[in-house]
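Commentary on secondary and tertiary structure
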Amino acid sequence: MKLLRLRPGKERSLLRRHPWVFESAIAKGGGDAGETVRIEAEDGRFLAWAAYSPHSKIRARAWSFDEGQRIDAAFLAARVAQAVRARLLFELQSDGVRLVHGEADGLPGLIVDRYGDTLVAQFLSAGVERWKAPLADALLAATGLDKLYERSDASGREREGLKPQAGWLRGSGPTELRIREHDWQLGLDIATGHKTGFYLDQRDSRQRFAELAARRRFRRVLNCFCYTGGFTVAALAGLKAAGAVEGAELVSIDSSLPALERARAHVALNGFDEAACEFLDADVNASLRRFVEEGRQFDAIVLDPPKFAPTVAHAERAARAYKDLNRQAFKLLAPGGHLLTFSCSGGIGADLFHKIVASAGIDAGVDGYISERLGAAPDHPMTIEFPEGEYLKGLVVVRK
């Protein structure tokens with residue numbers, strides 16, 4: 001077994017069971033890509049078994065902190081089964097579910113989503129790439145399914161020195177799927193959609209938006225970076241429940257025409273009147289500025305932009321982008337209106353995001369109440385040892 005010896009004082013994070021070891025913490029040692037290594041403190045104390053990644057700044061990701069643990073196919077199968085069972089702890093109103101959430105489930109770099117009878121996996125670290133075949137077998141065994149599609153084409157693979165890969169790992173079938181979410185239906189393509197095909201992490205926030213739409217009876221709704229229209233469908237569902245669809249105006253903006261076409265299809269799929277909806281294939285920033293110049297206002301605005309800061313190193317530039325978006329949105333928000341604003345950037349913490357939104361409001365001359373904080377659905381858990389798992393942050397701001 002190969003060994004990593006840490007520099008003095010660098011064992012503290014592992015003693016707190018944080019799973020990452022950065023290149024700068026290592027005094028000596030190494031291994032092959034994905035190989036299991038023994039990590040020791042400067043004085044030789046055992047700290048963890050970990051998967052080694054020679055190309056990443058995160059040089060090792062811990063599998064276990066138990067010196068007696070053997071890292072093999074049986075160990076990984078037990079971890080997968082535990083993760084699948086854990087989803088039974090949560091009340092998930094969908095047949096689209098995150099089954100494995102990387103470090104939070106003790107499987108660093110592995111993401112697995114279930115869409116009905118089909119699994120979609122992302123192998124994003126050298127460790128899970130090395131164990132891909134046993135992990136695929138374990139996933140089918142734990143779920144009783146026979147179809148597993150790989151979407152290992154995210155940018156994180158490059159940082160691990162891995163090439164993108166996609167296609168059927170086990171079984172085969174259509175890549176166009178449909179899932180139930182709360183009381184509505186949503187379609188996706190696991191071969192071409194973002195991430196594994198869909199943004200399951202916003203499931204509960206979409207439901208909350210539907211509840212707000214029903215209670216507040218929004219007349220003018222703006223959904224920015226709408227992708228395939230999940231928040232648009234949610235708003236329509238809420239307004240329909242309140243009998244308030246007639247006369248409502250819902251504007252959805254995205255720079256992807258295929259996504260907008262699917263958003264339009266979602267409106268029809270759920271039996272809503274498309275006459276209330278406007279879909280704009282446009283740049284969100286430019287559209288917001290144009291709306292401000294036109295003097296338009298909205299009762300509800302959703303800002304759900306893509307990841308601007310994948311790491312802390314990108315935080316400063318990302319903060320400027322988030323601030324500009326939110327400043328324009330505040331200018332468009334009617335008094336008493338609701339702004340649902342999100343950041344999915346791991347490099348932007350919750351406190352910093354709050355400060356960015358506050359600064360944007362001040363610059364726009366708008367004051368507001370933070371009525372709620374939103375985050376990822378519970379099948380995308382954050383654990384007490386790994387706070388970095390809180391990648392999705394959301395605020396509901398009500399303009400005074």
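See the structure above.
Residues numbered from 1 in each chain as written. Predicted model: local features only at pLDDT ≥ 70, side-chain atom pairs only at ≥ 80, totals over all residues. Heavy atoms only, no water.

**A closer look at the environment of Val-120**
This is how it is decided: By the criteria applied, helices consist of DSSP H or I runs no shorter than four residues and strands consist of E runs no shorter than two, each listed in order from the N terminus. Residue burial is assigned from relative accessible area. The probe radius is 1.4 Å, only protein chains are included, and a residue is buried under 20% of its type maximum, exposed over 50%, and partly exposed in between. Note on contacts: a residue pair qualifies if any of its non-hydrogen atoms lie within 4.5 Å across the two residues.
Among the structural elements, Val-120 can be located in strand E9 (residues 118-123). By relative accessible area, Val-120 is classed as buried at 0%. For Val-120, the residues in contact, after removing those within four places along its chain, are Ile-111, Val-112, Asp-113, Tyr-115, Leu-148, Tyr-149, Arg-151, Ile-190 and Thr-196.

**Digging into the packing of aromatic side chains**
Spelled out, the test is: In this analysis, rings of Phe, Tyr and Trp, with Trp reduced to its six-membered ring, are considered paired at centre separations within 6.5 Å, and the interplanar angle assigns stacked below 30 degrees, edge-to-face beyond 60, and tilted for intermediate values. A ring is scored as having a charge over it whenever the NZ atom of a lysine or the CZ atom of an arginine sits within 6 Å of its centre and within 35 degrees of its normal.
Counted according to the given criterion, the structure contains 12 aromatic pairs. Aromatic pair Trp-20 and Phe-22: ring centres 6.1 Å apart, planes at 85°, arrangement edge-to-face. Three or more aromatic residues joined by ring pairs make a cluster, and in this case those are Phe-209, Phe-218, Phe-231 and Phe-342. Its guanidinium or amino end placed over the ring of Phe-291, Arg-296 lies 4.4 Å from that ring's centre, counting from NZ or CZ.

**Digging into the sheet that holds strand E7 (residues 96-101)**
This is how it is decided: Paired strands, in this sense, are two strands between which DSSP finds at least two bridges. Every axis corresponds to a line fitted to the C-alpha atoms, with the helix fit spanning only the stretch in contact, and the corresponding angles, defined between N-to-C directions, vary from 0 to 180 degrees.
Here we have five strands laid out as an open sheet, ordered E7-E8-E9-E10-E11, and mixed in their pairing. Two strands bound the open sheet, and with one partner strand each, they are E7 and strand E11 (165-170). Strand-to-strand twist of the sheet, defined as the mean angle between neighbouring strand axes without regard to direction, takes the value 20°. Bridging between strand E10 (residues 148-152) and E11 involves five bridges; their strand directions are antiparallel. Across the sheet, Glu-150 pairs through a bridge with Gly-167, a residue of E11.

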